[in-house]
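Notes for the structure review
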Amino acid sequence: MSLRWKLWGIVLSLAAALYLLVPTFFHLPEQRQTFVEQEKPVPWYFDLFPSKGLNLGLDLRGGVYIEMEVLVEEGIKAKLDNLAQDIQRDLEKQGTPMLQWSLGENFDRIEFKFAPETDIASAFQTISRATPGLLTKEGPATDGKIAFRVVEGDIAQWKLDILNQAVQSVRNRIDAYGLTEPTVQKQGNRRLIVELPGVKDTERALEIIKKGGKLEFKIVNEALSPTALGDIIAKTREENNLPIRYSFDDLKRLNELMAPSLPEGTEATFELGRDEMGKVIRAQPFLLDKTVYVTGDMLDDAQLQREGRTNKPYVALTFNKTGGKNFGDVTTKHVKDRLAILLDGFVMSDPVIQEPIRNGRATITLTITQSLEQTLAEAKDLTFVLQEGALPARLQEVTKTVIGPSLGADSIQKSLWSLIWATLAVVVFMLIYYRLSGVLANLALLANGLFIFAILAMFQATLTLPGMAGIVLTIGMAVDANVLIFERIREELRSGQTLQNALNAGYGNAVRAIMDSNLTTIIAGIILYQFGTGPIKGFAVTLMIGLVCNLFTAVIMTRVVFEYFIFGKRIERLSI
Amino acid sequence: MKFIDKTPRIPFMKHRFLFLVVSLLLMGGSLFSVATRGLNFGTDFLGGVKLQYRFPTGAAEGEVHALLEKMGMPGVSVIRFGDASENRLAIKISHPKEAIESYGKTITPELQKAFGAETLLEMEETVGAKVGEELKRKGILAVLFSLFCMLVYVGFRFDFHFAPGAMAALFHDVIVVLGVFSFFGIEFDLTILAACLTIVGYSLNDTIIIFDRVREHAKLVTPATVEEVVNTSVNETLSRTMITSLTTLAVVVILFCFGGATLRDFSLAMILGIVFGTYSTIFISCTAYIGMVQISPKLEKRFGKQS
């Protein structure tokens, strides 16, 4: 390739790098955002440049990084329970009611138990019709029990579906919450990672993400009075040394231990009242029938509305056809009973069913224990979660890093200054030690920095705080490459070689060593990338990009400039 | 300007056994420290909660510790973070009893009540214990795997006499850094692990430059002449070694001074790595190579040449 082409190649690549960095230098994305928010038209020249600038990591911008485990098994259990409930309803209508069902340990089989006189054969027919291909009969019916095996491939598929659904749900929620550039990713087959850069109200954002959103309608069982139930609960807690806590897991455990003391087919739960800090100050026990009549996925719509006179917020629900029918059925059968409306296992309200409701609508009123503002915010979040749909399974926090924006800004400032001082020190040294060739090396260094940032911006790779450290390190190693070449050239010149030969020998010998050494650090970078998460990955990426740019600027770029002066301008001596 | 006008003739290799002993002592000391004192693992590896606060006025570690004890959390550590003027303290709870999500929410208001409403929670990190274990495992695997890759690479590009020296130098560097961190009780978290891996790359970088020069003189290498050849190679590359080490060192020292508290431990690890990396290249890798070249004919004689 002729010298001219090479020179043009370098000029063009520099221009390209500058072009890619325009959005970062002029803060174009932020300005665009402001225009959009204020509903002003975006100036035409904005579209000439790339739309995104440098992608700053959480430790530089502030924000949340959270890794959550999707409790897939719970999701499968829920799916199977729903299936069994549908079957139960069908069987009841048919006149062959099922008493109860139980699930196998790995959720791979279901056993249905019937009263001795029921017509098992027709029950079996109904079940098979309801779930073609999903359940296969396991063995003959024995004492009124039929066992079914769930097709294995289906379970694996369900697990995958649940994970994908969870990812999608979380994405939807975050999108509607209106955050800039959030990311939600799968990790492995059970986890998801959420990154929310620049989020201001961390707690609320996390609440929205984690909120199960499982809406259920059950009937209150009046068999035990609240005081009697309260006593049983207190006794169970005391006997088993359970702390007074009200998480979903605690409730589950409590029910498991109380099961023998409660009437068959019932379970206990609470209606919780919280203070402004979110701490539970009141817990009223409820005894409910286990049967779920209506669930959140039978909703067509949920709207936040205000009551006319008091302006209290409430959520207006509209059911779909199945939901409407089920709701109509339960309200018809249980007139004068209390309907328990549950969210994520806890009672939200328990209105008395005055009359059958066949229009497929219901309302949830919220008790105001906190300020009106807070209740309103809660109502908004609830409506939103109901609209988006419940999470297919619970999310459990595994790792969380929250970085406040002040720390982020602080980190950027400090690391930028280090970068500037380090570059300055190197520049001065190169000038003194290598004179004009030092100038060339410095230009290569600056071009290196430009290329690194441009490539980061182009691939939208995240620049993290360790990444900045990586760049500072790359500066040191860039010097190494130049030094190797220049020292070699000096040696050759010292031993009497001509300018051209010295250049060729210098580059020829040095490049071999440079390649070897840079490649080894790149290998370290690749391994770091594979094994690392979050900021470490950022470090690895920045390091590798830095080293590759190093190779380009130190080896190719400087050589072209030397050749230009030696062959083009035909200089006599090399200032090195 | 030149530091070194003519190729110097410093007799590095003559004293190589002395320095080998020094290195062995250093490594031994480091291993001992790691085995007995152990490493001060951060929340990344142990799991737990780390809360970093910025206080509006001076807050002493003791006060915060007492407050936390009153709240029923005695086993926590409170460490100053950054300069004294920054008023930053980090609270570390390594074996949390309850759900780790709630610690920030319960502690922050109490601190605000005691030290002023502007007490700011700058950073909150919660890591489940299982994840910590996983990271530890992955971290160790990463280091071992990279050492292995380097070995393969060196064996590939150079002949096998070079490989043990390169490996030994890398082990030495990483172990000494771990030793220093263990001895001074400096927190060892993921960023430090990343530093270690970078040091591995950098140290090998350095070693390869010198080995490359020796390789150039390969025809001259015999068990009798190897010490001389290696010494000459080291001297020939001395100006390059000094310049690179000094500039990279200067750069990391700048990072140490100006990079802020978050990068301080990382820069420290890098400084140690660069210093020992350069040292190990000359006094461990080269020593080992000389040893290999001198022993290898004796081994051949003992075990006979495989036909």
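Coordinates for the structure precede this section.
None of the values given here were measured: they were computed from a predicted structure. (Residues numbered from 1 in each chain as written. Chains lettered and ligands numbered in written order. Predicted model: local features only at pLDDT ≥ 70, side-chain atom pairs only at ≥ 80, totals over all residues. Heavy atoms only, no water.)

As a further point, take the nonpolar core. Nonpolar side chains tend to gather and get buried jointly when the protein is soluble and globular. Ranked by size, the top nonpolar core spans 141 residues in total, and within it Ile489(A), Val230(B) and Tyr289(B) carry the most contacts. Sequence-distant contacts of Val230(B), that is, excluding residues within four places in its chain, are made with Met13(B), Val214(B), Cys286(B), Tyr289(B) and Ile290(B). Membership of the second largest hydrophobic core comes to 43 residues, among which are Leu91(A), Ile146(A), Leu206(A) and Val402(A). (Core = buried A, V, L, I, M, F, W, Y, C linked by side-chain atoms within 4.5 Å. Buried < 20%, exposed > 50% of the residue type's maximum accessible area, 1.4 Å probe, protein only. Contact = heavy atoms within 4.5 Å.)

Looking now at a nonpolar patch on the surface. On the surface, a cluster of nonpolar side chains totalling about 620 Å² of accessible area is made up of Val428(A), Leu431(A), Ile432(A), Leu436(A), Val439(A), Leu443(A) and Leu446(A). Locating Leu443(A) in the fold gives a position in helix α12 (residues 405–458). (Patch = residues over 30% accessible without salt bridge, like charges linked within 9 Å, V, L, I, M, F, W, Y side chains within 5 Å. Areas by Shrake-Rupley, 256 points an atom, 1.4 Å probe, with all protein chains shown as cover. Salt bridge = Lys/Arg side-chain N within 4 Å of Asp/Glu carboxyl O. Helix = DSSP H or I, 4+ residues; strand = E, 2+ residues; numbered from the N terminus.)

Residues and elements named next belong to chain A. For Met 348, the location among the structural elements is in strand β16 (residues 346–349). Relative accessible area serves as the criterion here: at 16%, Met 348 is assigned to the buried category. Between the C-alpha atoms of Met 348 and Leu 215, which are 133 residues apart in sequence, the distance is 9.8 Å. Setting aside its immediate chain neighbours within four residues, Met 348 contacts Glu 271, Ile 341, Leu 342, Leu 343, Ile 364, Thr 365, Leu 366 and Leu 382.

Attention now moves to the environment of Ile199(B). Tracing the sequence through the fold places Ile199(B) in helix α7 (residues 190–216). For Ile199(B) and Gly29(B), which are 170 residues apart along the polypeptide, the C-alpha to C-alpha distance reads 20 Å.

Taken together, the eight strands give an open sheet; going across it, the order is β7(A)-β8(A)-β2(A)-β18(A)-β5(B)-β2(B)-β4(B)-β3(B), and neighbouring strands pair in antiparallel fashion. In the strand order of this sheet, the two ends are held by β7 (183–187) of chain A together with β3 (77–80) of chain B, each with one partner. In this sheet, neighbouring strand axes are inclined to one another by 20 degrees on average, regardless of whether the strands run parallel or antiparallel. In this sheet, strand β18 (residues 395–403) of chain A lies alongside strand β2 (residues 63–70) of chain A in antiparallel orientation, the contact comprising eight bridges. By the bridge assignment, Ile66(A) is partnered in β18(A) with Lys400(A). In the packing of helix α3 (residues 61–70) of chain B onto the sheet, the strands contacted are β3 and β4 (88–93) of chain B, and the crossing angle to β3(B) comes to about 155 degrees. Helix α4 (residues 103–115) of chain B rests against β2 (48–54), β4 and β5 (120–127) of chain B of the sheet, and its axis sits at about 30 degrees to β2(B). (Pairing = 2+ DSSP bridges. Axes fitted to C-alpha atoms, helices over the stretch in contact; angles between N-to-C directions.)

Two measures describe an aromatic ring pair: the distance that separates the ring centres and the angle between the ring planes. Under the criterion given, the structure shown has 29 aromatic pairs over all chains. Here Phe319(A) and Phe327(A) contribute two aromatic rings whose centre-to-centre distance is 5.0 Å and whose plane-to-plane angle is 45 degrees, an arrangement assigned as tilted. The class of Phe327(A) is buried, set by a relative accessible area of 2%. When the ring of Tyr507(A) is compared with that of Phe562(A), the centres are 6.4 Å apart and the planes differ by 70 degrees; the resulting orientation is edge-to-face. Taken together, the residues span a long stretch of sequence, with Tyr507(A) in helix α14 (residues 499–531) and Phe562(A) in helix α15 (residues 535–568) at a distance of 55 residues. Side by side, Tyr507(A) and Phe562(A) carry an identical accessibility label, which is buried. Through a chain of ring-to-ring contacts, three or more aromatic side chains come together here, namely Phe429(A), Tyr433(A), Tyr434(A), Phe486(A), Tyr507(A) and Phe562(A). One Lys or Arg, Arg37(B), reaches over the ring of Phe183(B) and ends 5.9 Å from the middle of that ring. The lysine or arginine in question, Arg264(B), covers the ring of Phe256(B), its NZ or CZ lying 5.9 Å from the ring centre. (Phe/Tyr/Trp six-rings, centres within 6.5 Å; stacked < 30°, edge-to-face > 60°. Lys NZ or Arg CZ within 6 Å of the ring centre and 35° of its normal.)

Coordinates in, geometry out; function isn't part of it.
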